[in-house]
Amino acid sequence: MASVLVFTEFANGQLKKSALELLSAARKSGLKVQALALGSGAKGLADALGKEGVDEALLGDDAAFDKYNPELFTEAVTNVLNSKKPAVVLASSSTLGRDLFPRVAARLNTGVTSDCTELEISGSGDVKARRPMYAGKCTAEVAFENSPIKIVLTRPNQLVVTPASAAKTATVEEIKAPVKDLKTIIKEVVKGASNKLDLSEANVIVSGGRGMKEPANFKMLEDLAEVLGATVGASRAVVDAGWVPHSMQVGQTGKTVAPTLYIACGISGAIQHLAGMSGSKVVVAINKDANAPIFQKASYGIVGDVTEVVPLLTQEFKKLLQH
Ligand SMILES: Cc1cc2nc3c(=O)[nH]c(=O)nc-3n(C[C@H](O)[C@H](O)[C@H](O)COP(=O)(O)OP(=O)(O)OC[C@H]3O[C@@H](n4cnc5c(N)ncnc54)[C@H](O)[C@@H]3O)c2cc1C
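Given the structure is predicted, the values throughout are model-derived calculations rather than measurements. (Residues numbered from 1 in each chain as written. Predicted model: local features only at pLDDT ≥ 70, side-chain atom pairs only at ≥ 80, totals over all residues. Heavy atoms only, no water.)

Undergrad: Help me out: how do you make sense of the pattern of salt bridges in this one?
TA: Close approach of charged atoms lets side chains of opposite charge pair. Applying the stated criterion across every chain yields a total of 17 salt bridges. Among the ionic pairs, Arg103 bridges to Asp99, the shortest N-O distance being 3.2 Å. With a gap of four residues between them, Arg103 and Asp99 both fall in helix α4 (residues 95-108), about one helical turn apart. On the basis of relative accessibility, which here comes to 29%, the residue Asp99 falls in the partly exposed class. Residues Lys219 and Asp223 are paired through a salt bridge, measuring 2.7 Å at the closest nitrogen-oxygen approach. (Salt bridge = Lys/Arg side-chain N within 4 Å of Asp/Glu carboxyl O. Helix = DSSP H or I, 4+ residues; strand = E, 2+ residues; numbered from the N terminus. Buried < 20%, exposed > 50% of the residue type's maximum accessible area, 1.4 Å probe, protein only.)

Undergrad: Just to check I follow, could you spell out empty space enclosed by the protein for this structure?
TA: Under the counting rule described, the total for this entry stands at one cavity of 30 Å³ or more. By volume, the largest cavity amounts to about 110 Å³. In terms of lining, the largest cavity is formed by Ser93, Ser94, Thr95, Arg98, Asp115, Arg155, Pro156, Asp198, Ser200, Gly254, Lys255 and Thr256. Of the residues contributing to the lining of the largest cavity, the split by class is one nonpolar, six polar and five charged. Split by domain, the lining of the largest cavity shows at least three residues from each of two domains, domain 1 (3-174) and domain 2 (199-321). (1 Å grid on protein atoms, 1.4 Å probe; cavity = no way out; pocket = protein on both sides within 12 Å on 5 of 7 lines; lining within 4 Å. Points joined across faces, edges and corners; volume = space filled by probe spheres on them. Nonpolar A, V, L, I, M, F, W, Y, C, P; charged D, E, K, R; others polar. Domains from an automatic or database assignment.)

Undergrad: Is there a simple way to think about the nonpolar core in this case?
TA: Soluble globular proteins tend to bury their nonpolar side chains together. If you look at the biggest cluster of nonpolar residues, it comprises 32 residues, and the most contacted ones within it are Leu49, Leu90, Leu119, Ile121, Val127 and Val152. Examining the composition of this core, we find that five residues originate from one element, helix α1 (residues 17-28), more than from any other. Here Ile121 is in contact with Val4, Ala25, Ser29, Leu31, Val88, Leu90, Asp126 and Val127, once residues within four sequence places are set aside. In this structure, Val206, Ile263, Cys265 and Leu313 belong to the second largest nonpolar core, which totals 25 residues. (Core = buried A, V, L, I, M, F, W, Y, C linked by side-chain atoms within 4.5 Å. Contact = heavy atoms within 4.5 Å.)

Undergrad: What should I look at first to understand the site of the ligand in this one?
TA: Taken together, 25 residues sit near the ligand, with Ser235, Thr253, Ser268, Gln272 and Asn287 positioned nearest. Within the contact set of the ligand, a nitrogen atom lies 2.8 Å away from a backbone nitrogen or oxygen of Val250. When the ligand sits alone it has 980 Å² of accessible area, and the protein chains cover 77% of it. More than half of the atoms of the ligand fall within 2 Å of the grid points belonging to the second largest pocket. Looking at the shell around the ligand, the elements that each hand over two or more residues are α6 (236-240) and α7 (271-277). (Near = heavy atom within 4 Å. Polar contact = N/O pair within 3.5 Å; in protein donor to acceptor, adjacent residues only side chain to side chain. Areas by Shrake-Rupley, 256 points an atom, 1.4 Å probe, with all protein chains shown as cover. Sits in = over half its atoms within 2 Å of the grid points.)

Undergrad: Would you take a moment to explain α4 for this structure?
TA: Two residues of an α-helix separated by three or four positions point the same way, owing to the 3.6 residues in each turn. Here α4 is 14 residues long and its end C-alpha atoms lie 21 Å apart, about the 20 Å a rise of 1.5 Å per residue gives. For α4, every residue scored as buried is listed here: Gly97, Leu100, Phe101, Val104, Ala105 and Leu108. Residues of α4 that are buried sit in contact with β1 (3-7), α3 (70-84), β6 (88-92), β7 (112-116) and β11 (150-154). Just beyond α4, the residue with positive phi is Asn109, at close to 55 degrees. (Expected span 1.5 Å × (residues − 1).)

Undergrad: What exactly am I supposed to notice about the sheet that holds β1 here?
TA: Strands pair in a sheet through their backbones, by hydrogen bonds, and they do so in one of two ways: parallel or antiparallel. With parallel pairing, the seven strands of this open sheet are ordered in space as β7-β11-β6-β1-β4-β5-β12. In the strand order of this sheet, the two ends are held by β7 and β12 (171-174), each with one partner. Each strand axis lies, on average, 20 degrees off the axis of its neighbour in the sheet, ignoring direction. Looking at chain direction, β1 and strand β4 (residues 32-38) are connected through five bridges and run parallel. Bridging across to β4, Ser3 finds its partner in Lys32. Where α3 meets the sheet, its contacts fall on β1, β4, β5 (56-60), β6 and β12, and the angle it forms with β4 comes to roughly 160 degrees. (Pairing = 2+ DSSP bridges. Axes fitted to C-alpha atoms, helices over the stretch in contact; angles between N-to-C directions.)

Undergrad: Help me out: how do you make sense of the layout of surface pockets in this one?
TA: Rolled over the atoms, a probe as big as a water molecule pinpoints where empty space is left. If you add up the space inside the largest pocket, you get close to 1800 Å³. As for the largest pocket, its lining consists of 43 residues, of which Lys16, Lys191, Gly192, Asp198 and Glu201 are closest to the centre. Mapped by element, the contributors of at least two residues to the lining of the largest pocket are β2 (10-11), α4, α5 (218-228) and β14 (231-234). Partitioning the lining of the largest pocket into residue classes produces 20 nonpolar, 13 polar and 10 charged. Residues from two domains meet in the lining of the largest pocket; each of domain 1 (3-174) and domain 2 (199-321) gives at least three. Estimated volume of the second largest pocket: approximately 490 Å³. Lining the second largest pocket are 28 residues, with Arg210, Ser235, Gly266, Ile267 and Ser268 positioned closest to its centre. Looking at the lining of the second largest pocket, the elements that each hand over two or more residues are α6, α7 and β16 (282-287). Tallied by class, residues from the lining of the second largest pocket come to eight nonpolar, 14 polar and six charged.

Read these as geometric descriptors, not functional statements.
In structure tokens:
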């Protein structure tokens with residue numbers, strides 16, 4: 001039987017939300033579902049994967065996979081795909097996914113599409129995917145030709161998570177880290193100072209632009225984010241000005257986000273910024289210029305000075321959410 005193999009990312013022993021989205025899409029196809037997880041603690045995922053309707057769990061519980069090494073991962077994933085020959089591979093269009101899967105596709109001489117926002121897998125393993133192009137000005141429908149394995153990367157927070165109708169007991173196969181004379185050694189991975197959820201996975205984002213006036217005013221956004229359990233993002237203008245690191249940039253040359261709530265503070269709404277956040281479900285814009293383009297994308301708009309409005313919002317949300 002044809003299968004869909006999901007590359008499942010996890011952290012602290014839990015499947016990431018993006019993995020649950022992909023597993024939901026895989027189940028919907030009616031095909032056999034395989035899940036591949038690499039890294040220490042992968043073995044502990046077997047039950048959770050079974051509950052998600054996975055038939056076969058391919059678990060590489062090996063510390064060699066803890067620091068992402070493109071060479072090692074490419075070898076390991078290519079080996080698995082060569083042996084399992086799934087019709088479709090699903091993975092998140094995360095930083096890791098976008099680095100790894102083009103390499104794997106090149107090795108397998110097969111097709112890969114990234115950044116998809118919609119996906120349909122037929123019972124025969126054919127795939128139709130949609131992805132925004134030209135900074136969101138149009139949407140492309142992608143089909144595969146001459147691709148023995150179709151690799152589809154989807155943006156986090158875009159597909160619907162549905163519960164599995166029945167839990168399964170997934171058969172478990174151990175995946176070993178390939179013994180290979182690696183040309184690259186990852187000595188250290190330095191994580192960003194923030195322990196908040198990464199922007200691309202955040203459900204609520206409070207983002208600031210040049211209208212915040214000065215870097216110190218980002219503290220107001222952090223306070224609001226703290227109350228809402230949100231992650232702070234930024235426009236390119238303030239990243240270029242050195243106020244905040246590039247890891248916080250939303251937009252065409254930053255991160256693509258699709259939270260339930262996006263609060264844009266002092267951001268004009270340039271097309272390159274919209275390209276990264278137009279998938280947000282509800283957009284709140286705060287800007288002192290009533291004609292700022294961001295208001296055309298906003299579900300709710302507040303015309304006012306961010307330095308006055310943001311602390312008021314923080315105060316009110318605190319009252320509401322603490323009761
Ligand atoms: C190739 C390319 C790629 C790019 N990629 C990105 C990208 O990934 N992400 C991105 O964001 N941009 C990107 N840009 C830049 C983009 O074109 C804009 O320059 C940028 O988004 C503007 O940032 P901003 O809205 O913070 O600043 P501005 O455009 O300067 O807007 C500031 C806004 O704040 C408002 N404001 C000012 N003071 C206050 C106040 N006190 N209270 C309330 N509102 C106030 C103003 O009315 C204005 O609307 C890219 C550009 C190019 C050419």
